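These are the residues of each chain, in order.
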Amino acid sequence: VDISTDCGATWTNLWTKSGTTLATAPDYGSGAFTPTAAQWRAEIIDLASYAGQSSVFIRFHAISGYGNNCYVDDINIVNNVSITENTITQGFDIYPNPSNGVSTISFNLTESANGTISVFNVLGELVYTNFSVFVQGLNQISIDQTNWPAGIYNTTLVINNQVFSGKIILNK
């Protein structure tokens, strides 16, 4: 886990684990590893020294030495203070989920705003992006995934420096 206070120009490593200290299960063998509920664990990183700074970026950096998948879920940053009023008034929903090839992203805005929707595969590669002026009220964007391989895709919506995220599970 790395952190930046200069918009990503430089990064400082906050947390590192590798090999058996990172693993939550024995070697899996061939095929894609998917963790069970018992194979998740909680990690806590103290960010108190960054409180009050105007812009803090956090990134997850994974390097595979020919290993298997790395899963990160349920990221919580508590006691954070924001002076930006929330632009989205109702949910950031992705449906149907799981998807058979077309998903809809739905959200309501308090005012029209520029925004970007990005979708990344499990390797962190950008597979879809949409920069638009989204309208006040209900926005629904359909994403055609018929040419994508089955898998889990991370989706982000960035509006007014606010980031909303979700997953698309694509079954075929």
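Everything here concerns the structure above.
Participant: Would you mind going over the pattern of salt bridges with me for this structure?
Facilitator: When charged atoms on two side chains of opposite charge get close, those side chains can pair. Across all of its chains, the model carries three salt bridges by this definition. Its salt-bridge partner being Asp2, residue Arg59 comes within 3.0 Å of it at the nearest N-O pair. Here Asp2 lies in strand S1 (residues 2-4) and Arg59 lies in strand S3 (residues 57-59), a separation of 57 residues in the sequence. Exposure remark for Arg59: the relative accessible area of 30% places this residue in the partly exposed category. For Asp2, a relative accessible area of 7% corresponds to the buried category. A salt bridge links Glu43 to Lys17, with the shortest nitrogen-to-oxygen separation between them at 2.9 Å.

Participant: Please clarify how the sheet that holds strand S10 (residues 162-170) should be interpreted in this entry.
Facilitator: Hydrogen bonds between backbone groups are what pair the strands of a sheet, and the pairing can be parallel or antiparallel. With antiparallel pairing, four strands are arranged side by side in an open sheet as S7-S6-S9-S10. In this open sheet, the two strands that pair with only one neighbour each are strand S7 (126-134) and S10. Here the strands of the sheet are splayed against their neighbours by 15° on average, with no regard to which way each runs. For strand S9 (residues 151-159) and S10, the ladder comprises nine bridges, and the chain directions are antiparallel. Across the sheet, Ile159 pairs through a bridge with Gln162, a residue of S10.

Participant: Even after reading the chapter, I still don't get unusual backbone geometry, so can you show me in this structure?
Facilitator: Leaving glycine out, the prevailing phi sign among residues is negative, and the prevailing peptide bond configuration is trans. Residue Tyr95 is joined to Pro96 through a cis peptide bond whose omega torsion reads -15°. Structurally, Pro96 can be placed in the loop between strand S4 (88-95) and strand S5 (102-109).

Participant: Sorry, what's going on with the side chain of Asn139 here?
Facilitator: Looking at the element boundaries, Asn139 is found in strand S8 (residues 137-144). Under the relative-accessibility criterion, Asn139 is labelled buried at 6%. A polar atom in the side chain of Asn139 sits 3.1 Å from the backbone oxygen of Gly137. Excluding its chain neighbours within four sequence positions, the residues that come into contact with Asn139 are Ile105, Ser106, Phe107, Leu109 and Phe134.

Participant: In this structure, what is going on with a nonpolar patch on the surface? I would like to understand it.
Facilitator: A surface patch of nonpolar side chains, amounting to about 490 Å² of accessible area, comprises Val56, Ile58, Phe60, Val72, Ile75 and Ile77. Tracing the backbone shows Ile58 in strand S3.

Participant: Is there a simple way to think about the nonpolar core in this case?
Facilitator: The biggest cluster of nonpolar side chains holds 19 residues, and the ones touching the most others in it are Phe107, Ile117, Phe134, Ile143 and Leu157. Setting aside chain neighbours within four positions, we find Phe134 in contact with Phe107, Leu109, Ser112, Ala113, Gly115, Thr116, Ile117, Asn139, Ile141, Leu157 and Ile159.

Participant: Which parts of the structure should I look at to understand the sheet that holds strand S2 (residues 12-13)?
Facilitator: Spatially, the three strands line up as an open sheet ordered S2-S1-S3, and their pairing is antiparallel. The sheet is open, and its two edges are formed by S2 and S3, each paired on a single side. With two bridges joining them, S1 and S2 adopt antiparallel strand pairing. Following the sheet pairing, Ile3 is matched in S2 by Thr12.

Cut-offs used in this document
- Starting afresh in each chain, residues are numbered from 1 along the sequence in its written order.
- Confidence filtering applies because this is a predicted model: local features only for residues at pLDDT of at least 70, side-chain atom pairs given and counted only at 80 or more, and all residues used for totals across whole chains, interfaces and linings.
- Values shown for side chains rest on all heavy atoms present in the structure; no hydrogens or waters enter the calculation.
- What makes a salt bridge here is a side-chain nitrogen of Lys or Arg within 4 Å of a carboxyl oxygen of Asp or Glu, nothing more.
- Think of it this way: any DSSP run of H or I at least four residues long counts as a helix, any run of E at least two long counts as a strand, and we number them from the N terminus.
- Only protein chains enter the calculation, and the probe is 1.4 Å; a residue is then buried if its accessible area is under 20% of its type maximum, exposed if over 50%, and partly exposed in between.
- We call two strands paired when DSSP finds no fewer than two bridges between them.
- Interaxial angles span 0 to 180 degrees and are taken between N-to-C directions of axes, which are lines fitted to C-alpha atoms, for helices over the stretch in contact.
- For the purposes of these results, a polar contact is taken to be a pair of N or O atoms within 3.5 Å, where, inside protein, one atom must be able to donate a hydrogen and its partner to accept one; residues adjacent in sequence count only when each atom of the pair is a side-chain atom.
- Here a residue-residue contact requires only that any non-hydrogen atoms of the pair lie within 4.5 Å.
- Patch building starts from residues that exceed 30% relative accessible area and form no salt bridge, then joins like charges within 9 Å and nonpolar side chains (Val, Leu, Ile, Met, Phe, Trp, Tyr) within 5 Å.
- We get accessible surface area from the Shrake-Rupley algorithm with a probe of 1.4 Å; when it comes to residues, only the shown protein chains can shield them.
- In plain words, nonpolar cores are sets of buried Ala, Val, Leu, Ile, Met, Phe, Trp, Tyr and Cys residues tied together by side-chain atoms within 4.5 Å.

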